[in-house]
Amino acid sequence: MSPRVLMTDADLRRALTRIAHEIVEATRGSADLMLVGLHTRGVPLARRLAATIEGFENQRVPVGTLDIALHRDDLARLGVRPRIQRTEMPVDIAEKQVVLVDDVLFTGRSIRAALDALLEIGRPRRILLAVLVDRGHRELPIRPDFVGKNVPTARGEEVQVELEETDGHDRVLLVQAEARV
Amino acid sequence: MTTTADLDTRPADLLPAAPASGLTMPEPALVPRPTGMPETTWARQHVLDLDDFTAGEIELVMETTDAMKDVLRREVRRAPALRGLTVATVFYEASTRTRASFELAGKILGADVINLSASGSSVEKGESLIDTVRTLQALGVDVLVMRHATSGAPYLAARNLRASMINAGDGWHAHPTQALLDLYTIREQLGGIRGRKVAIIGDILHSRVARSDLWGLAAAGAEVVVCGPPTLIPAGLGRAHPHAGGDRGLPPVTVVERIEDALRDADVVMTLRLQKERQEGGLLPSLREYSRRYEITRERVALAKPNALVMHPGPMNEGVEIAPDVAHGIQSRIEDQVTNGVAVRMALLYLLGGRR
């Protein structure tokens, strides 16, 4: 079975524009807003959201990057160590309203790790979560505040987000379990 | 709570892919991206020396060290990556910074760290060394960090070991973690290692640091020039180096006689501790004679590039191999080396901890 396109480049652009507006609405245009992208694809998504917000709010929105490898709860069970990418915060996150940005929300375990990693860096006033795709199957009590698209999926399927910055084009695919082997 | 996804449903563009988009963009083929990891991955059980490290492996350690430095900058210097892992430092020889930095590295990453000193002399025999290591393994130790006065001891101990072994210095032979922190410091300060000229001055013969540095610098693409008293340069070092054969006894470097030639246009000036306790009679006329010819003074540093880095693995004999005003001067990166030592060792423990 061949992969199915869940979002085209235009769908993706519209969803990000909407999320950008929702973020501003939820934080009331506050000057202490900050976006933090989770590696790998949360980072370009966070940058795009920040650029969009800067476009219509005329305010600087700092973007940090967060790697969660050291906080994963399955580290001991993985054979190969995940490569770690840079965690960088351009400003002090203390007392900020931080919006975590990731591409796909699935079990919620990555977000749990991200919360731990972030709280070791500092103490934000508030943490919100934005994801491009929520595919369900949560294993932890975590829910997103901003969602690009809700997609009902089967466990074995994979939602694959492809972005201009990392993959050369914008697209979201649903890949069937059999196609992955 | 698992049903909250439904509550969050946004009406806007909820259900299946819009059919309108089906007719455009033939460009990206409709295939999933490959799942395999393309880049260098870590496949080592032990870190005994750098003589067989590839440039890719060194880069992997460097990148991982970058991430560890991020952890060290945090408000809470802690990340639970090694939770459940047990690290044992087994030092048959004195050490301050290496041992302390391994202990800190393990603790910051959430490992349990136990420290053993073998102050007795009964461990000189190979079998008792192996017994010690086996016992630690039976106690559940996952990573052993060993320093030993005998070259090759960690190799012997690592044989048939399920746990991982890190060589923290063996005799005159190797000190790979020091070399990796030296490489990291150069990369961090100069933005890269490839093509940089590194002058290593002093007692190369007795220096395990120098030997590992030479391998690591060569693999990372640095141009290495060595200078020291002829009696303290290993025989054969600097000769045409046929790398093809199985003999990997000596790393590829240039050896020069005059210190001025070594220092000229160097990006890095690295000097080594004169191993006073290891000088057998006859290798050196006197300490004064040594300093006169090889001490890194301000005048000598001036021969190198402006802002060249001055490095020393410590502990220093100030006034012997390095002048105090250079050791504590603005070009000195000696304290950075110590700080980076913790991050590099965190990176190695992280990478080795994956094999269990």
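About the criteria used
Residues numbered from 1 in each chain as written. Chains lettered and ligands numbered in written order. Predicted model: local features only at pLDDT ≥ 70, side-chain atom pairs only at ≥ 80, totals over all residues. Helix = DSSP H or I, 4+ residues; strand = E, 2+ residues; numbered from the N terminus. Rg over C-alpha atoms; globule rule 2.2 N^0.38 Å. Buried ≥ 20, exposed ≤ 12 C-beta atoms within 10 Å, placed from the backbone. Contact = placed C-beta atoms within 7 Å. Core = buried A, V, L, I, M, F, W, Y, C linked by C-beta atoms within 7 Å. Domains from an automatic or database assignment. Pairing = 2+ DSSP bridges. Right-handed = clockwise from strand over helix to strand, strands pointing away. Axes fitted to C-alpha atoms, helices over the stretch in contact; angles between N-to-C directions. Left-handed = near helix turned anticlockwise from the far one by under 90°. Nonpolar A, V, L, I, M, F, W, Y, C, P; charged D, E, K, R; others polar. Expected span 1.5 Å × (residues − 1). pLDDT = per-residue confidence, 0-100.

Asks: What's the story with the overall build of chain A in this structure? I'm lost.
Replies: Across its full length, chain A holds 5 helices and 8 strands. In chain A, the succession of α and β elements from N to C terminus is β-α-β-α-β-β-α-β-β-β-α-β-α. Against the 2.2 N^0.38 benchmark of 16 Å for 181 residues, chain A shows a C-alpha radius of gyration of 16 Å, consistent with a compact globule. Once the C-alpha set of chain A is aligned to its principal axes, its extents read approximately 45 × 40 × 30 Å. The 181 residues of chain A split such that 49% are buried. Long-range contacts, defined as pairs at least 24 residues apart, comprise 70% of the intrachain contacts of chain A with a sequence gap of at least 6.

Asks: Would you take a moment to explain the nonpolar core for this structure?
Replies: Ranked by internal contacts, the top residues of the largest apolar core, which has 157 residues, are A:Leu49, B:Leu144, B:Ala199, B:Val269 and B:Leu349. Top contributing element to this core by residue count: helix α12 (residues 334-352) of chain B, with 11 residues. Viewed by domain, this core spans two of them, domain 1 (55-175 + 339-352) and domain 2 (176-241 + 250-275 + 285-334) of chain B, each represented by three or more residues. Excluding its chain neighbours within four sequence positions, the residues that come into contact with A:Leu49 are A:Leu16, A:Ile19, A:Ala20, A:Ile23, A:Leu35 and A:Val101.

Asks: I tried to follow the pairing of strand β6 (residues 223-227) of chain B on my own but got confused; where do I start?
Replies: Regular strands have side chains that alternate between both faces of the sheet. Residues and elements named next belong to chain B. Counting buried positions along β6 yields 4 of 5 residues, so the element is predominantly enclosed. Across 5 bridges, the pairing between strand β5 (residues 197-201) and β6 is parallel. If you follow Ala-199 over to β6, its bridge partner there is Val-225. Once the chain exits β5 it traverses helix α7 (residues 208-220) before rejoining the sheet at β6, and the crossover so formed is right-handed. With 2 bridges joining them, β6 and strand β7 (residues 254-255) adopt parallel strand pairing. Bridge assignment links Val-226 to a residue of β7, and that residue is Val-255.

Asks: Is there a simple way to explain the packing of helix α2 (residues 55-72) of chain B against α12(B) in this structure?
Replies: Axes are the key here: two packed helices are described by the angle between their axes and the distance separating the axes. Residue and element names in this part refer to chain B. Interaxial distance between α2 and α12 falls to 8 Å at its minimum, and their mutual angle equals 115°. Taken as a pair, α2 and α12 cross one another with a handedness that is right-handed. Across the interface between the two elements, Val-61, Thr-64, Thr-65, Met-68, Lys-69 and Leu-72 from α2 touch Val-342, Ala-343, Val-344, Met-346, Ala-347, Leu-348, Tyr-350 and Leu-351 from α12. A breakdown of the residues in the contact of α2 with α12 according to their chemical character gives 11 nonpolar, 2 polar and 1 charged.

Asks: For this particular structure, what's the right way to read the domain arrangement of chain B?
Replies: For interface size, the figure often reported is the accessible area lost on association. All names here are of chain B. Split by domain assignment, chain B resolves into domain 1 (55-175 + 339-352) and domain 2 (176-241 + 250-275 + 285-334). For domain 1 versus domain 2, the separation of C-alpha centres amounts to 25 Å. Listed by partner, the interface residues are 21 residues for domain 1 and 20 residues for domain 2. For the side of domain 1 that touches domain 2, the secondary-structure elements that each account for two or more residues are α2, β4 (164-170) and α12.

Asks: Would you take a moment to explain the sheet that holds β6(B) for this structure?
Replies: Pairing between the strands of a sheet is mediated by backbone hydrogen bonds and can be parallel or antiparallel. Within the open sheet, the 5 strands sit side by side as β7-β6-β5-β8-β9 (chain B). Their pairing is parallel. At either end of the open sheet lies a strand with only one pairing partner, and these are β7 and β9 (309-311) of chain B.

Asks: Can you walk me through unusual backbone geometry in this structure?
Replies: Outside of glycine, negative phi angles account for most residues, and trans bonds account for most peptide bonds. Here the amide bond leading from A:His39 into A:Thr40 is cis, since omega sits at 0°, within 30 degrees of zero. Relative to the elements of secondary structure, A:Thr40 occurs in the loop between β2 (33-38) and α2 (42-57). B:Pro315 follows B:Gly314 through a cis peptide bond whose omega is -5°. If you trace the backbone, B:Pro315 turns up in the loop between β9 and α11 (324-327). We note that A:Glu95 has phi near 65°; this positive angle belongs to a residue other than glycine.

Asks: I tried to follow the environment of A:Val43 on my own but got confused; where do I start?
Replies: Residues and elements named next belong to chain A. The topology assignment puts Val-43 in helix α2. Between the alpha carbons of Val-43 and Val-63 there is a distance of 8.3 Å; along the sequence they are 20 residues apart. Non-local contacts of Val-43, meaning those with residues more than four positions away in its chain, are made with Gly-37 and Thr-65.

Asks: Help me understand the pairing of strand β8 (residues 171-175) of chain A in this model?
Replies: All names here are of chain A. Among the 5 residues that make up β8, 5 are buried, leaving the element largely enclosed by the rest of the structure. Covered by surrounding structure in β8 are Arg-171, Leu-173 and Val-175 together with Val-172 and Leu-174, the residues of both alternating faces. In the sheet, strand β1 (residues 4-7) pairs with β8 via 3 bridges, with the strands oriented antiparallel. Across the sheet, the residue bridging to Val-5 is Leu-173, located in β8. With 5 bridges joining them, strand β7 (residues 158-162) and β8 adopt antiparallel strand pairing. Note on β8: the bridge partner recorded for Glu-162 is Arg-171.

Asks: Explain helix α6 (residues 176-190) of chain B here, please?
Replies: The α-helix winds at 3.6 residues per turn, so residues separated by three or four positions along the chain end up facing the same way. All names here are of chain B. For α6, spanning 15 residues, the distance from its first C-alpha to its last is 21 Å, which sits close to the expected 21 Å at 1.5 Å a residue. Within α6, 12 of the 15 residues are buried, which leaves it mostly tucked inside the rest of the structure. Along α6, the residues that are buried comprise Pro-176, Thr-177, Gln-178, Ala-179, Leu-180, Leu-181, Asp-182, Leu-183, Tyr-184, Thr-185, Ile-186 and Arg-187.

Asks: Is there a simple way to explain the sheet that holds strand β4 (residues 97-105) of chain A in this structure?
Replies: All names here are of chain A. As summarised here, the arrangement of the 5 strands in space is β3-β2-β4-β5-β6, forming an open sheet in which the pairing is parallel. The open sheet has two edge strands, β3 (63-66) and β6 (146-150), and neither has a second partner. Averaged over all pairs of adjacent strands, the angle between their axes in this sheet comes to 25°, without regard to strand direction. Bridge count for β2 against β4 is 5 bridges, and the pairing is parallel. Bridged to Leu-33 within β4 is Gln-97.

Asks: What's the story with the confidence of the model for chain B in this structure? I'm lost.
Replies: Do not read the fine detail of predicted coordinates wherever pLDDT is low. Residues with a pLDDT of 70 or more make up 82% of chain B, whose mean pLDDT is 86. The low-confidence segment residues 1-26 of chain B, where pLDDT is below 50, has 30 contacts with residues more than four positions distant or belonging to other chains.

Asks: Hey, could you run me through the packing of helix α1 (residues 9-26) of chain A against α2(A) in this one?
Replies: All names here are of chain A. Between α1 and α2, the shortest axis-to-axis distance is 9 Å and the interhelical angle comes to 65°. Helix-helix and strand crossings are classified by hand; for α1 and α2 the assignment is right-handed. Counted together, Leu-16, Thr-17, Ile-19, Ala-20, Ile-23 and Val-24 of α1 and Arg-48, Leu-49, Thr-52, Ile-53 and Glu-57 of α2 form the full contact between these two elements. Each residue belonging to the contact of α1 with α2 can be placed in one class, and the counts come to 7 nonpolar, 2 polar and 2 charged.

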